[in-house]
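Structure assessment
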Amino acid sequence: MNEEKHSSEILEDILQFMYPLIILFGAYIILTGLSQPGGGFQGGAVLVAIFMCRYLVYPDEVRSMSLTKRLDKIILIFILALASAIMLMSFREVFPFMNKIYNMAIGILIGIKVSCGLTVIFFTFAEIKGGEED
Amino acid sequence: MMPIVEKTLYVSLIVFAFMAIQTPKLRRSVIFLAVFSAASAFVYILLGAPDAALAEAVIGSTIATVIYLSALQKYKVFTVYYTNEKRREYRQTTLIRRRNAVLNDIEAFCTSRDLEAQVVYTTESLESVHSKRGWDIVVRRDEGVFTVYGLQQNYHVEELAAFLGGKKKELGNMGYTIRFIIE
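Because the structure is predicted, anything quoted here is derived from the model rather than measured. (Residues numbered from 1 in each chain as written. Chains lettered and ligands numbered in written order. Predicted model: local features only at pLDDT ≥ 70, side-chain atom pairs only at ≥ 80, totals over all residues. Heavy atoms only, no water.)

**Focus on the overall build of chain B**
The condition is simple: In this text, helices come from DSSP runs of H or I with a minimum length of four residues, and strands from runs of E with a minimum of two, each type numbered from the N-terminal end. Here the globule rule reads 2.2 Å times residues to the power 0.38, and the radius of gyration is calculated from C-alpha atoms. Only protein chains enter the accessibility calculation, which uses a 1.4 Å probe; a residue is then buried when its area is under 20% of its type maximum, exposed when over 50%, and partly exposed in between. Pairs of residues are marked as contacts when any of their non-hydrogen atoms sit within 4.5 Å. All accessibility values rest on the Shrake-Rupley procedure with a 1.4 Å probe; residue burial counts only the protein chains present in the view. Just so you know, the count uses Lys and Arg for positive and Asp and Glu for negative, and it drops His and the chain ends. Positions of charges follow a simple convention, taking NZ of Lys, CZ of Arg, CG of Asp or CD of Glu.
For chain B, the helix and strand inventory stands at eight helices and five strands. Order of helices (α) and strands (β) in chain B, N terminus to C terminus: α-α-α-β-α-α-β-α-β-β-α-α-β. What you see for chain B is a C-alpha radius of gyration of 22 Å, clearly larger than the 16 Å of a compact globule of 183 residues, by over 25%. For the C-alpha atoms alone, the extent of chain B along its principal axes is close to 65 × 30 × 30 Å. Taking all 183 residues of chain B together, 38% fall into the buried category. In chain B, once contacts between residues fewer than 6 apart in sequence are set aside, the share between residues at least 24 apart is 67%. Accessible surface, chain B: about 10,500 Å² in total, of which carbon and sulfur atoms supply 59%. In chain B, 22 positive and 18 negative side-chain charges are present, and the distance between their average locations comes to 6 Å.

Spelled out as structure tokens, the structure:
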């Protein structure tokens, strides 16, 4: 039977405690991706868990995806611009110390881009009304 | 020599892949797929590819599973009300032990049409069940006679009538009679 969805207090409390841990873990994977397993893609995928948890606690909350979609596109432009600027202006040869900063910046941007993209995909799946009667 | 852990993981990969394909319920299949992904992530670690393992663990066994499950939630549920007014009540234990052949056939029909059968057992009268909303068919049992009520607008009902019509002889041998009433 279709019971009305309501958030459980236990779930709410535990997830409130989990949010910072998830953010910390995601950020750790993104930032250590240069020298260890991990990177922007994996870290971004971990960060999506925040939005999924939020959906579990408040399934009926009305969300607007327009901001996330816009952020997704803006970050994509940033990634392309940064990569092409570095390549075309041969920054790496001129400023070799910039290499690490550049890699980290690209990692962070990819992380945000992946988390935005996967969030949009998840909510598209979650919010589509199927053939249910009410 | 290949360590025992690696061997076990290889075998479990085959077993879970096979189970994910063979199980008739889609939800179970998704869970088996998630376990398969987790096992393959372990295999990647053992083979010296921790980066791929991390991606597999995050995407294969969590995000893909959650997306599949949320998509399945939108999936059409076929609600069957099963009423037997002669009984006083239904207990969970008897329901698990004894399922009658008619309900099993209805469930088999639902599985073949990719529907999730949801059976509600009740001892209420036919009228009170009728007044409820959200049912697809109502099965009323009176001794060996099963009467199935369905609605004209539900296109699965006619298919179900044809499906059960094919099994009439088989059910007749068990002493069951089926009548179909489409309103």
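That covers the picture; the talk isn't over yet.
**What to know about empty space enclosed by the protein**
All names here are of chain B. Operational definition: Whether a set of points on the 1 Å grid over the protein atoms alone is a cavity depends on a 1.4 Å probe fitting there but being unable to get out, while an open set qualifies as a pocket with protein on both sides within 12 Å along at least five of seven lines; lining residues are those with an atom within 4 Å of a point. Grid points are joined across faces, edges and corners, and a volume is the space filled by probe spheres set on the points. A domain assignment, automatic or from a database, supplies the domain bounds used here.
Enumeration according to the criterion identifies one cavity of 30 Å³ or more in this entry. The calculated volume of the largest cavity comes to roughly 100 Å³. Only helix H5 (101-112) and strand E2 (116-122) provide two or more residues apiece to the lining of the largest cavity. The greatest single-element share of the lining of the largest cavity, amounting to three residues, is contributed by H5. No fewer than three residues from each of domain 1 (4-73) and domain 2 (77-182) sit in the lining of the largest cavity.

**Regarding H5(B)**
All names here are of chain B. Condition: Expected helix span is computed as 1.5 Å times (number of residues minus one).
Its 12 residues place the ends of H5 16 Å apart at the C-alpha level, agreeing with the 16 Å of an ideal helix rising 1.5 Å per residue. Restricting attention to buried positions, one finds in H5 the residues Ala 101, Val 102, Leu 103, Asp 105, Ile 106, Phe 109 and Cys 110. Positive backbone phi, approximately 65°, marks Asp 114, located one or two places after H5.

**Looking at the domain arrangement of chain B**
Residues and elements named next belong to chain B. Definition in use: When two parts are put together, the accessible area they lose, computed with a 1.4 Å probe and summed over both, is reported as buried area. Definition used for salt bridges: Asp or Glu carboxyl oxygen within 4 Å of a side-chain nitrogen of Lys or Arg. Gly is put with the polar residues, along with every residue not named as nonpolar or charged; the nonpolar set is Ala, Val, Leu, Ile, Met, Phe, Trp, Tyr, Cys and Pro, and the charged set is Asp, Glu, Lys and Arg.
Here chain B is described as being made up of domain 1 (4-73) and domain 2 (77-182). Averaged C-alpha coordinates put domain 1 and domain 2 at centres separated by 36 Å. Together domain 1 and domain 2 conceal approximately 330 Å² of surface at their shared face, both sides included; 42% is due to carbon and sulfur atoms. Viewed at the interface, domain 2 and domain 1 are joined by zero salt bridges. Along the lines of polarity and charge, the residues of the side of domain 1 that touches domain 2 split into two nonpolar, no polar and two charged.

**So, the environment of B:Met19**
Residue and element names in this part refer to chain B. Position of Met 19 relative to the elements: it lies in helix H1 (residues 4-22). Taking relative accessible area as the criterion, Met 19 reaches 31% and is therefore assigned partly exposed. With 14 residues separating them along the chain, Met 19 and Leu 33 place their C-alpha atoms 8.7 Å apart.

**Looking at the sheet that holds E2(B)**
One key point about sheets: their strands pair by backbone hydrogen bonds, in either a parallel or an antiparallel sense. Residues and elements named next belong to chain B. How we decide: DSSP-based pairing: two strands are paired if at least 2 bridges between them are found. The convention used is that axes are lines fitted to C-alpha atoms, helices contributing only their stretch in contact, and that angles between N-to-C directions extend from 0 to 180 degrees.
What the five strands build is an open sheet, ordered E2-E1-E3-E4-E5; its pairing is mixed. Each edge of the sheet is formed by a strand with only one pairing partner; in this case those strands are E2 and strand E5 (177-182). The mean angle between the axes of side-by-side strands here comes to 20°, regardless of whether they run parallel or antiparallel. As paired elements, strand E3 (residues 137-142) and strand E4 (residues 145-150) share six bridges and run antiparallel to each other. Across the sheet, residue Arg 140 finds its bridge partner in E4, namely Thr 147.

**Brief notes about the layout of surface pockets**
In this approach a probe as big as a water molecule rolls over the atoms, and the regions it shows empty are the leftover space. Residue and element names in this part refer to chain A. Reported here for the second largest pocket is a volume of approximately 260 Å³. If you go around the second largest pocket, you meet 14 residues; those closest to its centre are Phe 51, Met 65, Leu 67, Thr 68 and Thr 119. Elements supplying a minimum of two residues to the lining of the second largest pocket: helix H2 (40-57), helix H3 (66-88) and helix H5 (98-127). Residue classes in the lining of the second largest pocket are distributed as seven nonpolar, four polar and three charged.

**Considerations on the environment of A:Leu109**
Residue and element names in this part refer to chain A. Assignment of secondary structure puts Leu 109 in helix H5. A residue is classified by how much of its surface remains accessible, and Leu 109, at 15% relative accessible area, is buried. Expressed as a C-alpha distance, the spacing of Leu 109 and Phe 97, which sit 12 residues apart in the sequence, is 20 Å. Once you skip the residues sitting within four places of it in the chain, Leu 109 turns out to touch Ile 75, Phe 78, Ile 79 and Leu 82.

**Details of the side chain of B:Asp105**
All names here are of chain B. Residue placement: Asp 105 occurs in helix H5. Residue classification places Asp 105 among the buried positions, given a relative accessible area of 10%. Excluding its chain neighbours within four sequence positions, the residues that come into contact with Asp 105 are Phe 163, Leu 164, Lys 167 and Leu 171.

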